Amino acid sequence: MTPGAAALAADGYRFVVPVESENGDFDAQGHLNNASTVRLFNDVRIAYVRGEVGEEWAEILRADRLVVAARET
């Protein structure tokens, strides 16, 4: 576990997963671009579902041909 992940776990976060950014994820000013932010959040979402909810949830979604959508209001 990285020092940052260990600090988050020590602060009480139950699910901590490192994410890997790439040089192409940043613009010329060093800001993380929007598309890369969405990709990284999606990677974390998938890791959470597999690690905490379980693969059977994804299997149910596939078998029943369901789609899960979320939005912020």
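Residues numbered from 1 in each chain as written. Predicted model: local features only at pLDDT ≥ 70, side-chain atom pairs only at ≥ 80, totals over all residues. Heavy atoms only, no water.

Focus: the pattern of salt bridges
Inspection of every chain in the model, using the stated rule, returns 2 salt bridges. Of the charged contacts in the structure, one is a salt bridge between Arg39 and Asp25, with a shortest N-O distance of 2.7 Å. Of this pair, Arg39 sits in helix α2 (residues 34-53) while Asp25 is found in the loop between α1 (3-10) and α2, placing the two residues 14 residues apart along the sequence. A salt bridge links Arg39 to Asp43; the nearest nitrogen and oxygen atoms lie 3.6 Å apart. (Salt bridge = Lys/Arg side-chain N within 4 Å of Asp/Glu carboxyl O. Helix = DSSP H or I, 4+ residues; strand = E, 2+ residues; numbered from the N terminus.)

Things to note about the packing of aromatic side chains
By the definition in use, this model includes 1 aromatic pair. On the numbers, 5.1 Å between centres and 90° between planes, the contact of Phe15 with Tyr48 is edge-to-face. Linking Phe15 in the loop between α1 and α2 with Tyr48 in helix α2, this pair joins segments that are 33 residues apart in sequence. Residue Tyr48 is classed as partly exposed on the basis of its relative accessible area of 36%. (Phe/Tyr/Trp six-rings, centres within 6.5 Å; stacked < 30°, edge-to-face > 60°. Buried < 20%, exposed > 50% of the residue type's maximum accessible area, 1.4 Å probe, protein only.)

Points about the side chain of Ser36
Summarising the element assignment, Ser36 is placed in helix α2. What Ser36 contacts, discounting residues up to four positions off in sequence, is Gly24 and Asp25. (Contact = heavy atoms within 4.5 Å.)

Looking at the environment of Thr37
Along the chain, Thr37 falls in helix α2. On a C-alpha basis, the gap between Thr37 and Phe26 in space is 9.9 Å, while along the polypeptide they are 11 residues apart.

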